[in-house]
Number of protein chains: 2
Amino acid sequence: MPLLSGIKTEENDIKDLQVITAGGGFVGLAQINTSIGDLKNNALKIAKYINYAETINLDMVIFPELALIGYPVYDLIERHPFIVDENIKWLKELAGITQKTAAIVGFIEPREKFAEGKRYYNSVAILRNGKIEGIVRKSLLPNYSEFNDYRYIEPSPVVGIQPADTLCHFSADNVSKSEIIYALNSIKYGITICEDLWNNKDFFEKPMYAKDPITELKNAGAEVIINCSASPTRARKEQLKHNMLAFTAFSQKLPIVYVNQVGAVDNISFDGASRGVNKYGDIFARAKSFDEDFIIVNPLKSEGEIEPITDGLEKSLNEQKVFTLEYESDLARTYKTIIQGIRDYFNKCGLKRAVLGLSGGLDSSVCAVLLADALGKENVFGISMPSKLTSSESKSDAQKLANNLGINFTEISIKPMVDTTEVCLNDLFKKIEKKWADRYSNSFTPDNIQARSRAMYLWGISNEFPSCIPIATSDKSELYMGYATVNGDMSGGFAPIADVPKTKLFAFARWLNLNRTSKNAIPKSVIEKKPGAELAIDPKTGKTLNAEDALMPYEFLDEVIWRIENKNESYKDLVGTEFVYENKCYVSRQQKVEWLNKFYDRMSKALYKWAILPPSIIVESRSINKADYTQPITSGKINYKGYSIARIRQILSQANL
Amino acid sequence: MPLLSGIKTEENDIKDLQVITAGGGFVGLAQINTSIGDLKNNALKIAKYINYAETINLDMVIFPELALIGYPVYDLIERHPFIVDENIKWLKELAGITQKTAAIVGFIEPREKFAEGKRYYNSVAILRNGKIEGIVRKSLLPNYSEFNDYRYIEPSPVVGIQPADTLCHFSADNVSKSEIIYALNSIKYGITICEDLWNNKDFFEKPMYAKDPITELKNAGAEVIINCSASPTRARKEQLKHNMLAFTAFSQKLPIVYVNQVGAVDNISFDGASRGVNKYGDIFARAKSFDEDFIIVNPLKSEGEIEPITDGLEKSLNEQKVFTLEYESDLARTYKTIIQGIRDYFNKCGLKRAVLGLSGGLDSSVCAVLLADALGKENVFGISMPSKLTSSESKSDAQKLANNLGINFTEISIKPMVDTTEVCLNDLFKKIEKKWADRYSNSFTPDNIQARSRAMYLWGISNEFPSCIPIATSDKSELYMGYATVNGDMSGGFAPIADVPKTKLFAFARWLNLNRTSKNAIPKSVIEKKPGAELAIDPKTGKTLNAEDALMPYEFLDEVIWRIENKNESYKDLVGTEFVYENKCYVSRQQKVEWLNKFYDRMSKALYKWAILPPSIIVESRSINKADYTQPITSGKINYKGYSIARIRQILSQANL
């Protein structure tokens with residue numbers, strides 16, 4: 001592959017770049033981080049790159065999907081439609097600043113005279129010579145996982161470019177018969193938006209849509225495919241994207257220029273890594289991952305600069321990953337996904353500081369590292385809040401971690417609050433039990449008082465100091481099991497590791513210790529000890545209760561979760577499958593069934609907690625994040641074991657009013 | 001309209017009914033309340049009505065949309081597809097119990113050999129003579145507000161009935177050319193599912209879809225339209241439904257038999273009120289609202305029994321409602337919607353009891369009434385938790401209310417907890433401010449400590465007593481303004497009035513006092529005093545801070561909310577509109593702009609709170625319930641005032657890298 005190091009924008013001054021681009025055929029990929037609805041700042045960013053691209057004589061500068069208004073807009077455009085009118089105003093003015101360089105800018109287009117269907121198109125405009133030269137509208141609308149395009153967006157009845165005068169007035173009735181290809185300086189571009197590229201019928205076993213825009217554009221004479229995208233990162237997504245782009249470019253014999261959004265929007269993290277793939281399916285240019293970037297490529301000549309992809313991912317690009325509890329190749333991506341998620345949530349919400357409880361355990365330790373790296377150590381306060389059950393080792397681990405990270409740290413006992421609350425609650429319970437006689441003889445109340453007293457401290461700080469929120473440190477495995485206290489450890493302004501399973505957290509902690517500039521921030525004992533919330537005494541052992549004893553071994557639990565999320569296995573499938581854990585340790589069938597029963601029982605009761613989980617970042621290929629997965633809370637009576645035909649007949653035979 | 005009182009199932013024994021139905025042409029509308037994924041209990045309910053319908057010689061018995069698996073299933077079928085296989089097993093066994101009476105049963109149908117598109121159809125099967133006689137699949141898939149059908153459901157390429165052997169194997173390639181009408185005992189039925197009925201192109205100004213299934217069925221010879229529905233209730237929905245059904249039946253000259261689901265699923269309440277409308281557009285039969293029911297109708301003879309609709313709604317059936325702050329006609333529906341919402345949430349989650357703080361204010365008083373009526377007074381515990389700011393009037397109002405309702409009641413001071421927490425927090429703050437020097441001189445911390453101490457009590461009770469959850473008493477107006485404490489009053493297992501604006505709550509409280517069997521449960525002073533959280537002292541007056549002074553007049557606030565939600569008005573529209581409140585009181589332009597600025601500012605910061613709101617029931621025509629409306633939390637920097645063209649040009653003129 002030809003590498004043109006001279007193309008690197010940071011290492012060349014404008015005059016060098018002007019020499020390089022003089023031959024023509026160069027386009028700029030403006031991989032920007034936008035804020036939803038923040039038209040002023042988004043437009044300003046777009047305008048800067050338009051001016052820059054003009055200065056260095058690029059033929060074209062390309063922005064991500066919906067660059068002007070941000071992606072995803074969710075229901076904002078329905079409730080506050082003025083924002084759509086505003087985005088048209090900004091679009092027209094952006095057209096006004098263009099000259100010879102064409103700018104491809106994404107925006108929401110109202111359907112002012114629509115006869116039927118949704119109210120908007122998801123469009124890009126081609127801006128050049130001070131005006132709008134044409135408009136392309138998205139044909140394929142994803143509506144699964146984190147995507148909800150079809151709520152307000154009408155699929156375009158036609159692929160490729162349509163005349164500028166259709167702006168806001170386009171419909172199936174006025175499709176132009178003229179050219180759908182955008183020709184610029186003798187090169188023919190087929191312009192598409194995100195999902196339009198994701199329907200190759202030979203690549204996907206079960207394509208989602210009937211139409212394939214890329215084939216249509218190829219048939220209409222496109223020499224280069226442009227794709228304006230907002231494609232989120234999650235586990236295994238880079239593998240899929242890499243393989244899909246290579247396959248499509250090679251099978252269509254067409255170079256593809258893919259410009260992806262970067263930055264996080266609430267729960268969704270976009271990784272950038274915009275790229276050019278030549279007609280042989282080889283990558284000839286790639287922008288940075290998880291950072292804004294501007295790269296210049298010549299798609300017909302395969303010229304560009306390749307930034308390395310996130311560490312580890314290259315290795316797995318052609319892998320069909322199976323569950324092994326080995327997460328090594330994905331940890332750098334996990335790190336960057338969460339760091340960007342925290343940083344953008346804070347920046348876009350006008351927040352600056354985080355406060356979290358440091359228990360000396362794995363979850364809070366990993367969270368502290370991530371927060372220090374995302375926000376700066378001076379903006380993080382770790383609070384050790386020991387109770388009578390907190391071991392001296394936990395206390396010293398919390399202190400050591402904070403020292404290693406250089407974050408702010410203090411220790412304060414929860415004893416006065418816990419003692420007072422216990423007395424008050426016991427007074428109250430005595431009044432209640434006069435009416436409700438079935439008080440539990442053994443409850444979680446004392447455990448929860450501890451967790452809630454800690455949250456009381458943390459929320460107090462966030463009320464008392466500017467731009468500060470508390471952090472919920474719950475991990476994915478424990479959330480699946482409802483092993484988290486409402487208004488306690490699962491409460492916070494943000495939940496950084498809510499989509500990271502516990503077994504991955506162990507690997508992640510080791511990876512952080514090895515790969516951060518400052519090594520071994522997390523004390524070894526934090527990683528080596530068995531996780532336990534230190535909230536209660538195990539009556540069997542007299543020691544603090546171990547989380548795995550309360551639940552089941554994390555290796556087993558995480559494999560159940562992985563199999564359900566990724567392979568859609570049922571209770572019966574799980575009983576019949578040999579787990580990695582079973583290969584390692586002897587597990588009796590009775591024990592396995594007991595764990596599985598406990599899993600489904602706890603999961604059914606945890607659905608409520610999933611619904612009120614604070615904002616968190618989607619990391620894995622599937623999640624319980626409510627922007628990604630919802631299940632009715634009232635579906636708790638599902639029998640996950642299913643029924644035999646004989647049993648069904650028996651039940652139905654008793655059906656009488 | 002011919003009323004056939006003999007048709008009333010409750011007043012006639014089976015022999016009477018057999019005489020009535022002997023002439024043929026009678027169908028049963030089985031308006032059932034299902035649980036999502038609870039196949040056993042749903043199927044058992046269906047089987048009972050199938051057997052009953054057979055006994056009384058009905059031609060047909062019709063169930064709501066997706067009756068077997070429940071509606072909506074959300075993402076359950078994606079993550080746990082075994083449940084779909086199970087629903088096919090149950091469907092086949094239900095077919096096995098049918099005889100002469102046809103049963104129309106909704107289910108999720110997998111597309112086992114799909115070439116492209118989604119994995120499932122939303123279908124109904126016609127079961128008769130021990131087998132499946134045919135299948136109808138939903139063509140129009142709603143994907144707005146609380147609807148998400150298109151996430152997993154493929155729209156049917158064809159309207160009407162298809163052969164039984166297409167079960168699980170249907171696609172656009174094997175559409176049968178034969179009859180799409182289901183003929184039974186010489187009557188021709190056109191069978192449809194929910195949204196299929198909601199696209200009359202003369203009724204809807206902007207129809208959502210190109211296709212109109214009803215017209216197709218009419219053209220194919222249908223004499224009666226059957227519609228299996230799951231249509232939620234919300235403000236103004238009954239008006240729309242009534243008018244749409246009457247218009248469609250009249251304009252198509254076809255009777256319509258509409259069978260609606262009843263019961264609540266998490267946030268969504270379905271009101272039943274299944275009905276028959278004759279070809280003149282007149283209702284000839286209607287089942288109960290908000291209750292399971294079974295009614296018998298003869299659609300060609302317009303025979304049936306009309307249950308009265310929810311009080312008040314008849315009056316408004318042809319109204320185009322404008323904002324008047326008069327809610328009278330909607331209060332009975334609001335009551336039933338919330339009561340059903342609470343009851344079904346509790347029942348379907350296996351809960352029994354609720355505990356709530358009684359402040360003597362409007363919100364908690366209304367919640368207490370609703371809980372007592374929904375769960376039984378013995379299952380409700382009201383706790384008065386006064387602080388030093390609580391007036392003696394508030395305390396005595398709380399006590400009076402509890403006495404009037406007969407719910408359990410006790411009083412307990414929060415003083416020890418608040419005092420201890422304040423001391424502990426102040427200790428902590430002194431440690432924090434050594435590093436973060438910009439501590440607020442005036443914070444909400446003391447207010448929030450009170451709210452959170454109360455939540456500590458309530459969650460403690462729910463941990464200590466079986467099947468009990470605390471109730472979040474926040475109302476819609478205050479949630480819009482973020483005037484609710486996280487882990488405090490907005491925390492709970494359920495939030496009954498989160499979609500009821502404050503001005504409506506006043507009307508609602510009066511209505512409750514007049515319309516419940518036991519009158520005047522809510523003390524007059526609760527309704528007459530100005531709302532205030534009694535959490536802080538107003539420095540201006542030295543009295544406890546009044547909520548309207550902290551926010552703005554509720555009448556103004558609620559009109560802003562109503563105009564944005566129902567008319568999609570922008571900041572500029574609102575400035576330019578004369579409010580009802582302005583008609584009543586003089587409001588300077590400066591004051592109005594100040595309130596509007598405060599509104600948008602507080603709303604932008606409240607988005608986080610909307611995202612973690614406990615389950616609540618959708619009541620109004622639009623809501624902030626996250627099952628209904630989502631807006632990125634990180635969209636807080638939107639400028640709702642918009643920009644002038646001149647300002648846009650000025651901003652863009654400064655765009656340089």
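One can find the structure itself at the top, above this paragraph.
Residues numbered from 1 in each chain as written. Chains lettered and ligands numbered in written order. Predicted model: local features only at pLDDT ≥ 70, side-chain atom pairs only at ≥ 80, totals over all residues. Heavy atoms only, no water.

Enquirer: What is the right way to read the nonpolar core from this model?
Expert: Soluble globular proteins tend to bury their nonpolar side chains together. Counting 313 residues, the largest nonpolar core has Phe63(A), Phe599(A), Phe63(B) and Phe599(B) as its most contacted members. Ignoring sequence-local partners within four residues, the contact set of Phe599(B) consists of Tyr480(B), Met481(B), Met552(B), Leu557(B), Val560(B), Ile561(B) and Ile564(B). Listed in part, the 42 residues of the second largest apolar core include Ile449(A), Phe381(B), Leu425(B) and Ile449(B). (Core = buried A, V, L, I, M, F, W, Y, C linked by side-chain atoms within 4.5 Å. Buried < 20%, exposed > 50% of the residue type's maximum accessible area, 1.4 Å probe, protein only. Contact = heavy atoms within 4.5 Å.)

Enquirer: Got a minute to help me understand the pairing of strand β4 (residues 120-128) of chain B in this structure?
Expert: Every regular strand shows the same layout, with side chains that alternate between the two sheet faces. All names here are of chain B. Of all 9 residues that make up β4, 9 are buried, and the element is covered over most of its length. Taking every second residue as pointing to the same face, both faces of β4 are buried, with Tyr120, Asn122, Val124, Ile126 and Arg128 on one and Tyr121, Ser123, Ala125 and Leu127 on the other. Bridge count for strand β3 (residues 102-110) against β4 is 8 bridges, and the pairing is antiparallel. What sits directly across from Val105, in β4, is Ala125. Bridge count for β4 against strand β5 (residues 131-137) is 6 bridges, and the pairing is antiparallel. In the sheet register, Val124 faces β5, and the bridge partner there is Val136. (Helix = DSSP H or I, 4+ residues; strand = E, 2+ residues; numbered from the N terminus. Pairing = 2+ DSSP bridges.)

Enquirer: Can you help me understand the sheet that holds strand β4 (residues 120-128) of chain A in this one?
Expert: Whether parallel or antiparallel, the strands of a sheet pair through hydrogen bonds between backbone atoms. Residues and elements named next belong to chain A. Within the open sheet, the 7 strands sit side by side as β6-β5-β4-β3-β2-β1-β15. Their pairing is mixed. Only two strands of the sheet have a single neighbouring strand rather than two, namely β6 (161-163) and β15 (293-297). Taken over all neighbouring pairs, the strand axes of this sheet differ in orientation by 30 degrees on average, direction set aside. Inspection of the sheet shows strand β5 (residues 131-137) paired to β6 by 3 bridges, in the antiparallel sense. Along β6, the bridge assignment pairs Gly134 with Pro163. Lying over the sheet, helix α4 (residues 82-97) contacts β3 (102-110), β4 and β5, oriented at roughly 160 degrees with respect to β3. (Axes fitted to C-alpha atoms, helices over the stretch in contact; angles between N-to-C directions.)

Enquirer: Can you help me understand the pairing of strand β15 (residues 293-297) of chain B in this one?
Expert: Residues and elements named next belong to chain B. With 5 of 5 residues buried, β15 is to be regarded as a mostly interior element. The alternating pattern of β15 places Asp293, Ile295 and Val297 on one face and Phe294 and Ile296 on the opposite face, and all of these are buried. In the sheet, strand β1 (residues 27-31) pairs with β15 via 5 bridges, with the strands oriented antiparallel. The partner of Gln31 across the bridge, within β15, is Asp293.

Enquirer: Please explain the interface of chain A and chain B as it appears in this structure.
Expert: One widely used convention gives an interface's size as the accessible area the parts lose upon coming together. Contacts between chain A and chain B engage 143 residues on the former and 143 residues on the latter. Summing the contributions of chain A and of chain B, the shared interface buries around 13,200 Å²; its carbon and sulfur component is 62%. Together, Arg79(A), Trp436(A) and Thr634(A) form the three largest contributors to the area buried by chain A at its contact with chain B, with a combined 7%. Our enumeration of links across chain A and chain B arrives at 12 salt bridges. In this structure, Glu565(B) and Arg79(A) form a salt bridge, with 3.5 Å as the shortest nitrogen-oxygen distance. Summed over the shared surface of chain A and chain B, the number is 59 residue pairs in polar contact (both at pLDDT 80 or more). By residue number, the principal contributor to the side of chain A that touches chain B is helix α11 (residues 445-464) of chain A, which donates 13 residues. Considering only residue class, the side of chain A that touches chain B consists of 74 nonpolar, 34 polar and 35 charged. (Buried area = accessible area lost by both parts, 1.4 Å probe. Salt bridge = Lys/Arg side-chain N within 4 Å of Asp/Glu carboxyl O. Polar contact = N/O pair within 3.5 Å; in protein donor to acceptor, adjacent residues only side chain to side chain. Nonpolar A, V, L, I, M, F, W, Y, C, P; charged D, E, K, R; others polar.)

Enquirer: I'm lost on the packing of helix α2 (residues 39-55) of chain B against helix α4 (residues 82-97) of chain B in this one. Help?
Expert: Think of two packed helices as two axes; the pair is described by the angle between the axes and how far apart they sit. Residues and elements named next belong to chain B. Axis separation between α2 and α4 bottoms out at 11 Å; the angle between their running directions is 20 degrees. Considered as vectors, α2 and α4 are oriented roughly parallel to each other. Read as a crossing pair, α2 and α4 show a hand that is right-handed. Taken together, the residues of α4 that come into contact with α2 (itself represented by Leu39, Lys40, Ala43, Ile46, Ala47, Ile50 and Asn51) are Ile83, Glu86, Asn87, Trp90, Leu94 and Ile97. Its residues placed into classes, the contact of α2 with α4 shows 9 nonpolar, 2 polar and 2 charged. (Parallel < 35°, antiparallel > 145°, perpendicular 65-115°, else oblique. Left-handed = near helix turned anticlockwise from the far one by under 90°.)

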